[in-house]
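# Understanding the architecture of this molecule
Here are the chains, one letter per residue:
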Amino acid sequence: MPAADQNATPPGFGITLDTAAAEPRVVVTGELDLLTSPQLQEALAGLIADENSRRVVADLTGVTFFDSSALNVVLHAQRQAGEQDVELAVVPSPAVSRVIELTGVAEHLSVSEDPRP
């Protein structure tokens, strides 16, 4: 596969950063999979590493598909946040909630129902 195709963003996928809010947030829409998860990892890592961040919100309410690579990214970000003394709040869509429930990792995540505190 040519390099340009590997970096292509699938239709319907979007990731935006809201750093102007009191609590910085990453808002994701579409499918989070092996192709798109690295973008989430990069966004979360940047916000968690910011020395002004005490709480970061991962708003995944618009995610329609969530695979094991995406779950791994969220769990890694949770560990990174803990090391930086930052709270990572995950706001799941039904698709994300199902994977979290099926894998039994809820106790390792700070899951929130509302994207806005």
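Conventions used here
Residues numbered from 1 in each chain as written. Predicted model: local features only at pLDDT ≥ 70, side-chain atom pairs only at ≥ 80, totals over all residues. Heavy atoms only, no water. Helix = DSSP H or I, 4+ residues; strand = E, 2+ residues; numbered from the N terminus. Buried < 20%, exposed > 50% of the residue type's maximum accessible area, 1.4 Å probe, protein only. Areas by Shrake-Rupley, 256 points an atom, 1.4 Å probe, with all protein chains shown as cover. Pairing = 2+ DSSP bridges. Right-handed = clockwise from strand over helix to strand, strands pointing away. Salt bridge = Lys/Arg side-chain N within 4 Å of Asp/Glu carboxyl O.

Looking at an unreviewed UniProt entry, one finds the protein named Anti-sigma factor antagonist, with Amycolatopsis sulphurea as its source organism.

## A short note on the overall build of the protein
If you tally the helices and strands in the protein, you get 4 helices and 5 strands. Its helices and strands in sequence order give the protein the pattern α-β-β-α-β-α-β-α-β, from N to C terminus. Buried positions account for 42% of the 117 residues belonging to the protein. In the structure as shown, the protein presents an accessible area of about 6500 Å², 52% of it carried by carbon and sulfur atoms.

## What to know about the pairing of strand E4 (residues 87–92)
For E4, the buried fraction is high: 5 of the 6 residues fall into the buried class. In this structure, strand E3 (residues 55–66) lies alongside E4, joined through 6 bridges in parallel fashion. Bridge pairing links Val57 to Ala89 in E4. As for the winding sense of the linkage, the β-α-β connection from E3 through helix H3 (residues 68–83) to E4 is right-handed. At this point the chain moves from E4, through helix H4 (residues 94–103), to the parallel strand E5 (residues 110–111), and the crossover so formed is right-handed.

## Focus on the pattern of salt bridges
One pass over the full model with this rule turns up 2 salt bridges. Where Glu87 meets Arg55, a salt bridge forms, and the shortest distance between an N and an O atom there is 3.4 Å. You can see Glu87 sitting in strand E4 and its partner Arg55 sitting in strand E3, a full 32 residues away along the chain. Take Glu87: its relative accessible area is 36%, and that puts it in the partly exposed class. Via salt bridges that share partners, Glu23, Arg55 and Glu87 belong to a single interconnected network.

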